[in-house]
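Next come the chains, spelled out residue by residue.
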Amino acid sequence: MAQEHPDRLVAAYLKNRGYRQSEATFRKEAVVSTAAPSAADWASRGEASVPDFILFYNEHEASNPNAYQRSYERLRKWVEDSIDKFKLELRRILFPIFVHAYLDLVTRGLRDQAKTLMDSFKSDHIELYGQEVQRLAAVTEPHHVEENELAQNFRANRFNVQMSRYSFELLLSYLQDSKFMLVLRIVNEHISIFVESVQPADDEEGDIDTESGLTGKPTQRLETFNKQKLLLGELPPDLPFLADVERVIKEEGQNDANELLEELQKMKKEASADAPPIAYPPKRLMDVHAAIAELREARSKVQVTPASPLSICCYTFHNTYGTLQSLRLSPDASVVAGGFSDSFIRLWDVEAQKTPSSDVSTSKHGSRRLVGHAGPVYATSFSADQRYLVSCSEDQTARLWSLDTYTNLVVYKGHNYPVWDVDFSPQGWYFATASHDKTARLWSCDHIYPLRMFVGHLSDVDAVKFHPNGGYVLTGSTDRTSRLWDMQRGECVRVFKGHTGAVQTLAFSPDGRTMASAGDDNAVMLWDISSGKRIKKLTGHTGVVYALEFSKDGTVLASGGADNSVRIWDVKKAETKELAAAKHHHAQQPHHRHADRSSQSLLGAFPTKRTPIYDLAFTRTNILMALGTFTLE
Amino acid sequence: MSIFTKDSVTAIADTAGISLKEDVANAITQDIEYRLREIVHEAGKFMRHGKRLRLTSEDVNHALRVRNVEPTYGWSAGKASKFQLITQGTQQIYYVDEHELDLEDMLNGPLPPVPLDVAYTAHWLAIEGVQPAIVQNPSPAEISARNFAPSTIALHATTAALSHGLLLQQQQHPLMQRVQSDALIKSALTKELQLYFEKVTEALVSTSEELRSLAVQSIAKDPGIQPLLPYLTQFISEQVSQNVRKLHITHAMMRLTRALLDNPNLFVEPYLHQLIPNILTCIVAKRLCDESATQDHWALRRYAALLASHICTTYGATYQSLQPRVTKTLLRAFIDPVKPLSTAYGGLVGIKALGEEAVRILLVPNLLMFGERIRAVIDEMEEDGKVGRKHEAQMCKDAVVEIMTAHAKQMLLDRQASTAAAAAADEDAILGDPADDVRTEIENQFGIFAEPVCNALFPPMNGSR
């Protein structure tokens, strides 16, 4: 069977091109049977991407300009008429077929047919793929296809679709019976279907399954890809340093020394086996005092649980005229850094502010400007010891600032397009940037060139975040995926797929096992990192989500965004619920989901007057700080 | 579909002195649309990262720069460009209206004002999971307008204490401690609010009707006076207790109360317990003016009664004991024979304002007794010739007649409806005329008020008699 393939292909090619004599000779020599392979043949294989389909490629049909429209229309009708159980799965295949049919028509210069196709079926896909459809609708000339980034993404990568075996068989036999060779060809060339040997899931969100879509990983199944080993454990404690801290505490002999030592003992125990090996420069005496202050704050931590609700302090910035673009609170909640579109960064010492809180503080006291960038500053990040600030800007650079001297220390050039986001490693020393050039890069403070480049996203990388143990970097992109990268190897180790809009913000739980992502689709999603599976989708926001943050004990997630509100979600409750559902799923039992699932894990929604929330941070005492700018409209 | 027309392309080409052929213009139009969409898409990214919801010309320039195109100049003044339309023959042309500026004038003119510096305020968005009702947070009305879950909104009176800066929670965080200590000191009002309070209170006790209504209007609408609420309630209490005989002041205070209740931005609930006694005073007080014969204190009683019923209907569901307490006071004022008739009148209108149900349960059973009292007063006074008390009794009588007429009318309608229903159900049944039933009932229960009520209720029958 395997040897026959090329022979048959050649025969079909000769026939198509009209080389009748050659074909006859070839058939004689190669003994190729003219019979078509049966549907059972395909069904026995796992993947649909079988070269056999090319045999059915029909020159006559392809030359008919209305064939695409007709085939798509009939396929769509068939899918909509099929029973509900398979409908959801079959629907997934419509979008890639639609896109490629449209691109085919455009490439062949059939502008009117392309336009009719777009106009008649656009509305089907607006909900899930609104932005893509709008961008593609603008593509009307063959040379646009060549240069359009999105079109090229579709052309160059296979669109992953997951469906059950039965649905797949249904689809194949339908396409074959009705002789939809054009569609078959598209399925063949541009779609890779993963056949699952399970029953179709009764999932009401069937359209937003976590595996279909473009990931740029055509050959590998996401599921197996996401099984790579990860080291998510916490870093081993730096024992010599802790010994130093202990010595200093004893020397100073303050009255809360015993309590601090107690807290210190806890830190020593918190080591786990699976921590990534990463080199850091040795700590200095200066860090000891910071560590003691941190211990003291950790002592007075407030428990945040769903039962004991939390307090939120809001910093509202006024008179920004839309120029303030990013806000970041320092780890000890004493300094706020704001990035302006006028290319400078401004630091406010919020701890030193002495004016009563109801009055707007207009004094320049406690505010400093860092001037150096040549474009809007999109993000800033403080180092853990709060002696450095790193910022990124539209001018394609990242800059390191000293917070002792308030001067620019280093300019990091490497990205060739605007840099959207930057994040310092929780341990300091390293930082990562995300850029419009579709890459994220890892830098260390003492090198002016990047140490690693994380390449693989299909569109802008909008957000970047370090794993708490400093060994991994998480990125979120306009291609609707989030990816986890191994810092050592510089390779992608997890792909999280499921958002229906760009991923704008990310957060890790403090134990490093769970992560949250959110963005343009107004939904917050919780993911289990080791399995790469979605735990929970939290809906409720009515605008883009700009900020996410886990509480220090990881039980509560806070989110804030353009809808002028802060929302608090219960992380644990969400987990138990969805896991139970997953069990049902494996046992192939029908399960019921409540319509208001999301509202069940919503613990509270706190609206601000007219202040979109730019940043959220839990202080070490577990009080939530929300930062935003007051907008006039 | 096409956002850019071929005409625009030819028009733009004309301005550059190029005349385009039909098919060239077509091709260019297609391409322009594609380019424009791509640029707008790209600019959208810059807008998103700038955390704005409105695209600016700067965003477009950044997008052009990313695409290696020269950015546009002269559009980033911060002002939105207004397009003007001119029609030239059949052609419609839009252009930006730009003024020529004289450099001399610019240089000699005064400098534009310096924009305000960026500043920040810190405030509590939530304390222990409850959102305090302070100026920096949206008012309950705004929140409900935005469809937020009511469970997260403060409904406790304790949180109201936060509104004037008395933070109750003890926080460990150094920053929080500072905020707390600050808050205790700064419970003083801002200058502006103090000034406002002075002006408003002055206007309210002034004799000018115009000033008073202006003040009331302002309070009913102003969104920023939550911090003044405790002071205003205090002010009402003081004024009512001190000036109980000065009609224009008590009346103004009632209007002020009404305004406070009407203002959608105010969170009045914690202060209800201070407001209600004042209202009740204005309903049932023994004397509300010096010259009861000439001054119309009855109107004030009626106004206050409406106010009380408004509070009961609005907040009755939240505070279960509210309406029973108000009703009790009013009923006592009505039936206690020791109390003067003016108080009884207040009780009457108060109960009436509470609705038909209150009238049926509270007034009707006591009518016979009250009627005797009124008759006694009227008869007695006939001899003395004391006009004042007689007038009071007459007012009470008129009020009762009015209330009972409405009540009887309602009763009659109900009976008629039920009779009709019964008749429809059982056609053979012989039912008495509902009007007769009602009439007997009125005569049995209403005592001395029966006659005028019947007269008002059945005028045609009167005529036939």
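Throughout, a residue's number is its position along its own chain's written sequence, starting from 1. Throughout, the order in which chains and ligands are written sets their labels, letters from A for the former and numbers from 1 for the latter. Local features in this predicted model are restricted to residues of pLDDT 70 or higher, and side-chain atom pairs are both shown and tallied only at a pLDDT of 80 or more, whereas totals for entire chains, interfaces and linings draw on every residue. Excluded from the side-chain calculation are hydrogens and water; included are all heavy atoms of the structure.

### Considering the packing of helix H9 (residues 209-221) of chain B against helix H11 (residues 247-262) of chain B
All names here are of chain B. Inter-axis angles, ranging from 0 to 180 degrees, are taken between N-to-C directions of lines fitted to C-alpha atoms, where helices are fitted over the stretch in contact. Think of it this way: any DSSP run of H or I at least four residues long counts as a helix, any run of E at least two long counts as a strand, and we number them from the N terminus. Between H9 and H11, whose axes approach to 8 Å, the crossing angle comes to 20°. The angle between H9 and H11 falls in the class roughly parallel. At the point where H9 passes H11, the crossing takes the right-handed sense. For the pair formed by H9 and H11, the contact residues are Glu 209, Arg 212, Ser 213, Val 216, Ile 219 and Ala 220 on the first element and His 248, Ala 252, Arg 255, Leu 256, Ala 259, Leu 260 and Asp 262 on the second. Lys, Arg, Asp and Glu make up the charged group, whereas Ala, Val, Leu, Ile, Met, Phe, Trp, Tyr, Cys and Pro make up the nonpolar group; the residues left over, Gly among them, are polar. Looking at side-chain class alone, the contact of H9 with H11 contains 7 nonpolar, 2 polar and 4 charged residues. Put simply, angles under 35 degrees are roughly parallel, angles over 145 are roughly antiparallel, angles from 65 to 115 are roughly perpendicular, and the rest are oblique. Two helices crossing with the near one rotated counterclockwise from the far one by less than a right angle form a left-handed crossing, whereas a clockwise rotation gives a right-handed crossing. Contacts between residues were defined by any pair of non-hydrogen atoms, one from each residue, lying within 4.5 Å.

### Thoughts on the sheet that holds strand E14 (residues 430-435) of chain A
All names here are of chain A. The antiparallel open sheet is built from 4 strands, whose spatial order is E13-E14-E15-E16. This sheet does not close on itself; its edge strands, each paired only once, are strand E13 (419-424) and strand E16 (452-455). Looking at each pair of strands side by side, their axes are set apart by 20° on average, direction ignored. Paired strands, in this sense, are two strands between which DSSP finds at least two bridges. Note: E13 against E14, 5 bridges, orientation antiparallel. Its bridge partner being in E14, Asp 423 is matched across the sheet by Ala 432.

### Notes on a nonpolar patch on the surface
Together, B:Leu101, B:Leu103, B:Met106 and B:Leu107 make up an exposed nonpolar region whose accessible area comes to about 500 Å². Within the secondary structure, B:Leu107 sits in helix H4 (residues 103-108). Here a patch means residues that are over 30% exposed by relative accessible area and free of salt bridges, tied together within 9 Å if like-charged and within 5 Å if nonpolar (Val, Leu, Ile, Met, Phe, Trp, Tyr). Surface accessibility follows the Shrake-Rupley procedure with a 1.4 Å probe radius. Residue values consider only the protein chains on display as shielding. Salt-bridge detection follows one rule: a side-chain nitrogen of Lys or Arg within 4 Å of a carboxyl oxygen of Asp or Glu.

### Regarding the side chain of B:Asn278
Residue and element names in this part refer to chain B. Topologically, Asn 278 is positioned in helix H12 (residues 272-284). Think of a polar contact as two N or O atoms within 3.5 Å of one another; within protein, one of them needs to be a possible hydrogen donor and the other a possible acceptor, and neighboring residues in sequence only count if both atoms come from side chains. At a separation of 3.2 Å, a polar atom in the side chain of Asn 278 contacts the main-chain carbonyl oxygen of Gln 274. What Asn 278 contacts, discounting residues up to four positions off in sequence, is Ile 236, Ser 237, Val 240 and Met 254.

### A short note on the packing of helix H7 (residues 94-107) of chain A against helix H8 (residues 111-137) of chain A
The relative placement of two packed helices comes down to the angle between their axes together with the axis-to-axis distance. Residue and element names in this part refer to chain A. Where H7 contacts H8, the axes come no closer than 10 Å and their chain directions differ by 135°. With respect to their mutual orientation, H7 and H8 come out oblique. You can see that H7 and H8 cross each other, and the crossing is left-handed. From H7, Leu 94, Phe 95, Phe 98, Val 99, Ala 101, Tyr 102, Leu 103, Leu 105 and Val 106 reach across to H8, where they touch Gln 113, Ala 114, Leu 117, Met 118, Phe 121, Lys 122, His 125, Tyr 129, Glu 132, Val 133, Leu 136 and Ala 137. Split by residue class, the contact of H7 with H8 holds 17 nonpolar, 2 polar and 2 charged.

### Observations concerning the confidence of the model for chain A
Residue and element names in this part refer to chain A. Of the residues in chain A, 78% have a pLDDT of 70 or more, and the chain-wide mean is 77. Residue-level confidence of the predictor, termed pLDDT, takes values from 0 up to 100. Predicted confidence is poor over residues 34-56, with pLDDT under 50, and the contacts of this stretch with residues over four places away or in other chains come to 50 contacts. Confidence drops under pLDDT 50 across residues 354-364; counting only partners more than four residues distant or on other chains, this segment forms 22 contacts.

### Brief notes about the interface of chain B and chain A
With 56 residues of chain B at the contact, the number on the chain A side is 87 residues. The term buried area refers to how much accessible surface (probe radius 1.4 Å) is lost by two components on association, counted for both of them together. In terms of surface lost to chain A, no three residues of chain B exceed B:His49, B:Lys51 and B:Tyr120, which account for 13% of the buried area on that side. Summed over the shared surface of chain B and chain A, the number is 6 salt bridges. Taking the shortest distance from any N to any O, the salt bridge between A:Arg346 and B:Asp117 comes out at 2.9 Å. Across the chain B-chain A interface, the total number found is 25 residue pairs in polar contact (both at pLDDT 80 or more). No other element matches helix H2 (residues 22-49) of chain B, which puts 12 residues into the side of chain B that touches chain A. Bridge count between strand E4 (residues 312-318) of chain A and strand E3 (residues 119-126) of chain B: 7 bridges; the pairing is antiparallel. Bridged to A:Cys313 within E3(B) is B:Trp124.

### Points about the side chain of B:Asn61
By secondary structure assignment, the location of B:Asn61 is in helix H3 (residues 57-66). Aside from chain neighbours lying at most four places away, what touches B:Asn61 is B:Pro71 and B:Thr72.

### Examining the pairing of strand E5 (residues 324-329) of chain A
Residues and elements named next belong to chain A. Using a 1.4 Å probe on the protein chains alone, a residue whose accessible area is under 20% of its type maximum counts as buried, one over 50% counts as exposed, and one in between counts as partly exposed. Burial of E5 is extensive: 6 of the 6 residues sit out of reach of the surface. Sheet analysis places E5 next to strand E6 (residues 335-340), joined by 5 bridges and oriented antiparallel. By the bridge assignment, Arg 328 is partnered in E6 with Ala 337. Between E5 and the antiparallel strand that follows it, E6, lie 5 residues; Ala 333 among them carries a positive phi value of about 60°.

### Notes on the UniProt feature "repeat: WD" (unreviewed entry) in chain A
Within this structure's numbering, the places UniProt gives as "repeat: WD" (unreviewed entry) are residues 317-358, 370-411, 412-444, 454-495, 496-537 and 538-579 of chain A. End C-alpha atoms of residues 412-444 of chain A are separated by 10 Å, and the span's content is 0% helix alongside 61% strand. UniProt positions are given in the numbering used here, feature names are shortened, and annotations may be inferred rather than shown by experiment.

### Thoughts on the packing of aromatic side chains
Any two aromatic rings considered together are summarised by their centre-to-centre distance and by the angle between their planes. To pair, rings of Phe, Tyr and Trp, with the six-membered ring standing in for Trp, must have centres within 6.5 Å; the planes then decide the type, stacked if under 30 degrees apart, edge-to-face if over 60, and tilted in the middle. Counted according to the given criterion, the structure contains 26 aromatic pairs over all chains. Relative to A:Phe121, the ring of A:Tyr72 lies with its centre 4.8 Å away and its plane at 65°, an arrangement referred to as edge-to-face. Remark: A:Phe121 occurs in helix H8 and A:Tyr72 occurs in helix H5 (residues 67-81); sequence separation between them is 49 residues. Like A:Phe121, A:Tyr72 is buried. A centroid spacing of 5.8 Å and a plane angle of 70° characterise the contact between A:Tyr315 and B:Tyr120, whose relative ring orientation is edge-to-face. With one member in each of two chains, A:Tyr315 in strand E4 and B:Tyr120 in strand E3 form a pair that bridges those chains. Of the residues examined, A:Tyr315 reaches a relative accessible area of 1% and is grouped as buried. B:Tyr120 gets classed as buried once you look at its relative accessible area, which sits at 4%. One aromatic cluster is present, built from ring pairs that chain together A:Tyr315, A:Phe317, A:Phe340, A:Phe344, A:Trp348 and B:Tyr120.

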